[in-house]
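Below are the chains, spelled out letter by letter.
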Amino acid sequence: MDLGLKDATAVVQGGTKGMGRAAAECLARDGAKVSVLARTRADLDATVDRLLDLGAAEAIGLEADITRTDQVGAAFAEIKARWGRLNILINATGPTSLGASEALTDEDWFAAVDLGAMGMVRCVRAALPLLRAAEWGRIVNISAHSTKRQSERLVAYTAAKAMVTSITKNLSLSLAADGILVNTVSPGSFATEAFVEWMQGMGKDPNDLTACMDAIREHFGHPAHLPRAGAPAEIGPIIAFAASRRNTYMTGANINVDGGSDFT
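Source: prediction; values computed, not measured.

**Q** Just to check I follow, could you spell out the sheet that holds strand S6 (residues 180-187) for this structure?
**A** The strands making up a sheet are joined through hydrogen bonds of the backbone, oriented either antiparallel or parallel. Ordered by their spatial adjacency, seven strands build an open sheet running S3-S2-S1-S4-S5-S6-S7, and the pairing between neighbours is parallel. Looking at strand neighbours, the two that pair on one side only are strand S3 (58-63) and strand S7 (254-257), the edges of this open sheet. Neighbour to neighbour, the strand axes of the sheet diverge by 15 degrees on average, direction disregarded. With six bridges connecting them, strand S2 (residues 33-38) and S3 associate as parallel partners. Opposite Ala-38, over in S3, you have Glu-63 as the bridge partner.

Following this line, the structure appears as structure tokens:
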């Protein structure tokens with residue numbers, strides 16, 4: 001599908017792994033200029049090479065810790081110097097704090113919110129002048145299906161993602177007059193890098209998506225109608241569409257991509 005992204009400019013925060021990288025690859029295939037933000041130079045370099053191979057008009061890897069306002073500001077200052085405008089911002093990084101409520105310290109909670117929600121806030125704030133300078137603009141924030149289907153061990157993760165969903169809805173309202181469309185994509189259970197490591201730690205095959213879903217059902221109580229977990233490549237095109245010029249009227253939506261669930 002032609003998403004109308006030839007020479008469009010895009011930043012994918014958390015774009016070197018998992019669903020963020022899958023989305024970045026979709027943008028690259030459509031001929032966009034794509035910048036990925038992450039903390040690890042080796043991951044950035046490998047991702048840039050891949051995006052260029054796929055057909056990106058330009059690919060840039062920028063080191064930035066999104067818990068640091070100064071580093072986020074520096075990254076977007078470089079985007080401004082290179083492109084002067086921005087059509088797309090995708091925020092894909094999620095928190096890592098796992099554990100039941102009584103097991104989490106204040107620091108665990110603060111870390112979950114800082115990385116999982118405030119990182120998105122910092123990137124949106126830095127990107128807005130560039131988005132407003134462009135002919136058209138889209139923001140897509142990655143939340144999670146666990147904001148509606150709770151799990152004891154995901155309480156901090158879910159709280160941070162719920163903030164993302166709420167802030168996205170508010171941004172869709174406040175930025176409508178600017179013509180900037182803002183949407184949430186809420187994945188279910190996907191075999192991202194962190195999930196692969198978790199499966200390997202239990203001695204299970206992370207490439208067996210049915211086994212992955214069995215583990216999710218056992219440990220988190222989140223089965224899906226489809227009897228398997230998702231692969232990141234399956235959600236990349238959905239994120240890319242929401243971020244694209246072909247999306248002309250959808251804003252404030254929360255798109256569930258979860259293999260089927262018991263909530264809407």
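Alright, that's what it looks like, and here's the rest.
**Q** Got a minute to help me understand the pairing of S2 in this structure?
**A** Along a regular strand, successive side chains alternate from one face of the sheet to the other. With five of six residues buried, S2 lies mostly within the body of the structure. By the bridge criterion, five bridges tie strand S1 (residues 9-13) to S2 in an arrangement that is parallel. By the bridge assignment for S2, Gln-13 is matched with Leu-37. Crossover S1 to S2 through helix H1 (residues 18-29) is right-handed. Following the chain from S2 across helix H2 (residues 41-54) to the adjacent parallel S3, one finds a crossover that is right-handed.

**Q** How should helix H3 (residues 69-83) be read in this particular structure?
**A** Every α-helix winds through 3.6 residues per turn, so residues three or four apart in the chain are directed the same way. In this model H3 runs 21 Å from its N-terminal to its C-terminal C-alpha over 15 residues, within 8% of the 21 Å that 1.5 Å per residue would give. Among all positions in H3, only Val-72, Ala-75, Phe-76, Ile-79 and Trp-83 are buried. Buried residues of H3 fall within an arc of 90 degrees about the axis and therefore sit on the same side. The exposed residues of H3 that point more than 90 degrees off its buried face are Lys-80 and Ala-81. The elements touched by buried residues of H3 are S1, S2, S3, strand S4 (88-91) and helix H4 (106-133). Within two residues after H3, Gly-84 carries a phi angle of roughly 75 degrees, on the positive side.

**Q** Just to check I follow, could you spell out unusual backbone geometry for this structure?
**A** Most peptide bonds take the trans form, and the phi angle of most residues other than glycine is negative. For Asp-7, which is not a glycine, the phi torsion comes out positive at approximately 65 degrees. When you line up the elements, Asp-7 lands in the segment before S1.

How each quantity is defined
- Residues numbered from 1 in each chain as written.
- Predicted model: local features only at pLDDT ≥ 70, side-chain atom pairs only at ≥ 80, totals over all residues.
- Heavy atoms only, no water.
- Pairing = 2+ DSSP bridges.
- Helix = DSSP H or I, 4+ residues; strand = E, 2+ residues; numbered from the N terminus.
- Axes fitted to C-alpha atoms, helices over the stretch in contact; angles between N-to-C directions.
- Buried < 20%, exposed > 50% of the residue type's maximum accessible area, 1.4 Å probe, protein only.
- Right-handed = clockwise from strand over helix to strand, strands pointing away.
- Expected span 1.5 Å × (residues − 1).
- Arc of directions from axis to C-beta.
- Contact = heavy atoms within 4.5 Å.

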